[in-house]
Amino acid sequence: MSTRVDPNFKNTLKEYGKGNWNECYHCGNCTAVCPISENGFLFPRKGVRAIQMGLKDKLAAEVDPWLCYYCGECSETCPREANPGELMMTLRRYLTSVYDWTGLAGLFYKSLPALIIALLFVAAAIIGVGFAKNFNTKSVMDFGHHFERIAVFAVIAIFLLPSIFRMFWYTVIKEKIKAPLRTYIKGFWLLIKHMFTQKNTLKCEQNTWRWLEHLLVVSGYILLLVTTVFMNWFSTDHSFIIYLGYFVSGLIFIFTFDFILQRFRKKKEISKFSHPTDWLFVIWLFFIGLFAFFTRLFIDTDLINQFLWLYVIHLIMLAQWALIIVPFGKWTHFLYRPFAILFAELKKERI
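Procedures and definitions
- Residues numbered from 1 in each chain as written.
- Predicted model: local features only at pLDDT ≥ 70, side-chain atom pairs only at ≥ 80, totals over all residues.
- Heavy atoms only, no water.
- Helix = DSSP H or I, 4+ residues; strand = E, 2+ residues; numbered from the N terminus.
- Buried < 20%, exposed > 50% of the residue type's maximum accessible area, 1.4 Å probe, protein only.
- Polar contact = N/O pair within 3.5 Å; in protein donor to acceptor, adjacent residues only side chain to side chain.
- Axes fitted to C-alpha atoms, helices over the stretch in contact; angles between N-to-C directions.
- Parallel < 35°, antiparallel > 145°, perpendicular 65-115°, else oblique.
- Contact = heavy atoms within 4.5 Å.
- Nonpolar A, V, L, I, M, F, W, Y, C, P; charged D, E, K, R; others polar.
- 1 Å grid on protein atoms, 1.4 Å probe; cavity = no way out; pocket = protein on both sides within 12 Å on 5 of 7 lines; lining within 4 Å.
- Points joined across faces, edges and corners; volume = space filled by probe spheres on them.
- Core = buried A, V, L, I, M, F, W, Y, C linked by side-chain atoms within 4.5 Å.
- Phe/Tyr/Trp six-rings, centres within 6.5 Å; stacked < 30°, edge-to-face > 60°.
- Lys NZ or Arg CZ within 6 Å of the ring centre and 35° of its normal.

**Q** How should I be thinking about the side chain of Thr171 in this particular structure?
**A** Within the secondary structure, Thr171 is located in helix α10 (residues 137–173). Overall, Thr171 belongs to the buried group, its relative accessible area being 0%. At 2.7 Å, the side chain of Thr171 forms a polar contact with the backbone oxygen of Met167.

This is the structure in structure tokens:
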């Protein structure tokens, strides 16, 4: 593959987050202290070097930024205070825009006004549906349930699958990487395992609690998706489904509240720098869990007609989550990271 140099690439990346690229003088400390970096994937140093040289195409072909779990040790020990951990996060935001065929991910990362306008547009659309249905409780909630189902499959088909293919194109096909079938099978198992467990987080020192929090939130999120979309939690009379929904929605808003507090306190390296999309992700997830919990509570106490406004707000945030945050925001990291582990396995065992 030909290597092209883009002298303005550093300036482009500044729009995605931190931009202290020139602070790094390549002492190698960040790679040395990183408990996850290994032969062939020597991040963060390799990525920073490519940025400084303007090797835009080379970075698009790399999976290294996704293999980083932001332990924070590299930033804590950097003698130049270049914040390599946050630089890797910036790269992940940029790569999200590379994989996205619509261009919206890049727009929302670079322009807060554009992101706010998109959120307001979705909110106005849901409120418009409410007026069209005269804010009838049953009609609005029926619409919400059907919308959830359609949104899940539409977002996967229209946005997520094409993005994964583009990631595969840039990192494997375009690089002419060929690997035996057994490597694909092994890699697929690694993909499933790491998607749901984020197991590599445990390699970071003193990170067991963070791993457990993420595991509980991911489990709660997936189970809430299943209970609301496929088990119709807000309409069912089945006791098991009702109590399961309460439990998993509680998991979500309790532990995401802790994530929000950590970002406010900024005590840990991982929480010191927050892009607007980082705040959007944790705050929306918190309120989705909280409002889902209380919506079901008001259904069970026959108060939902008086508190329909709460469900409408829940539906607005759910639509914003499904149509903006999931395909174009930080949620995609949940998807790209395990696929990067699969593609890294193919790179290691290429023929």
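**Q** I tried to follow the packing of helix α7 (residues 84–99) against helix α16 (residues 332–348) on my own but got confused; where do I start?
**A** To characterise two packed helices, one gives the angle between the axes of the helices and the distance between these axes. Direction vectors running N to C along α7 and α16 enclose 90 degrees, while the axes themselves pass 11 Å from each other. Compared by their axis directions, α7 and α16 come out roughly perpendicular. On α16, the residues that touch Met89, Arg92, Thr96 and Tyr99 of α7 are Thr332, His333, Tyr336 and Arg337. Partitioning the contact of α7 with α16 into residue classes produces 3 nonpolar, 3 polar and 2 charged.

**Q** Help me understand the layout of surface pockets, please; the structure alone is not making it clear to me.
**A** To locate leftover empty space, one rolls a probe as large as a water molecule over the atoms. Looking at the largest pocket, its volume works out to about 950 Å³. Contributing to the lining of the largest pocket are 41 residues, with Arg210, His214, Phe259, Ile270 and Lys330 lying nearest its centre. Among the elements of the structure, α6 (73–77), α7, α12 (208–230), α13 (239–265), α14 (276–300) and α16 are those that each provide at least two residues to the lining of the largest pocket. Considering every element that reaches the lining of the largest pocket, the biggest residue donor is α12, with 6 residues. In the lining of the largest pocket, the residues fall into 17 nonpolar, 10 polar and 14 charged. Contributing to the lining of the second largest pocket are 30 residues, with Val152, Ile156, Tyr221, Leu225 and Trp331 lying nearest its centre. Listing elements by their share of the lining of the second largest pocket, those giving two or more residues are α10, α11 (181–197), α12, α14, α15 (308–328) and α16. Considering every element that reaches the lining of the second largest pocket, the biggest residue donor is α10, with 9 residues. Among the residues making up the lining of the second largest pocket, the classes are represented as 27 nonpolar, 2 polar and 1 charged.

**Q** Even after reading the chapter, I still don't get the nonpolar core, so can you show me in this structure?
**A** Note on soluble globular proteins: their nonpolar side chains tend to be buried together. Met167, Trp233, Trp321, Trp331, Phe339 and Phe343 are the most contacted members of the largest nonpolar core, which totals 109 residues. The leading source of residues in this core is α15, at 15 residues. In this view, Trp233 contacts Leu224, Thr227, Thr228, Ile241, Ile242, Gly245, Tyr246, Ser249, Ala292, Phe293 and Arg296; residues no more than four positions away in its chain are not counted.

**Q** Explain the packing of aromatic side chains to me, please; I cannot follow it from the model alone.
**A** One pair of aromatic rings is described through two measures. These are the centre distance and the angle between the planes. What the rule picks out here adds up to 32 aromatic pairs. One Lys or Arg, Arg337, reaches over the ring of Tyr69 and ends 4.5 Å from the middle of that ring.

**Q** Any chance you could explain empty space enclosed by the protein here in plain terms?
**A** Tallied over the entire structure, the rule returns 4 cavities of 30 Å³ or more. What the largest cavity holds in volume is close to 110 Å³. In this structure, the largest cavity is lined by 15 residues; those nearest its centre are Cys24, Cys30, Cys78, Ala82 and Pro84. Elements that contribute at least two residues to the lining of the largest cavity include exactly α2 (29–33) and α7. Here the lining of the largest cavity is built from residues that sort into 11 nonpolar, 3 polar and 1 charged. The volume enclosed by the second largest cavity comes to roughly 90 Å³. Considering the residues around the second largest cavity, the lining is formed by 13 residues, among which Cys34, Cys68, Cys71, Gly72 and Cys74 are closest to the centre.

**Q** I keep staring at the side chain of Thr236 and nothing clicks. Help me out?
**A** Summarising the element assignment, Thr236 is placed in the loop between α12 and α13. Apart from residues no more than four positions distant in its own chain, Thr236 is found in contact with Met231, Ile241, Ile242 and Arg296.

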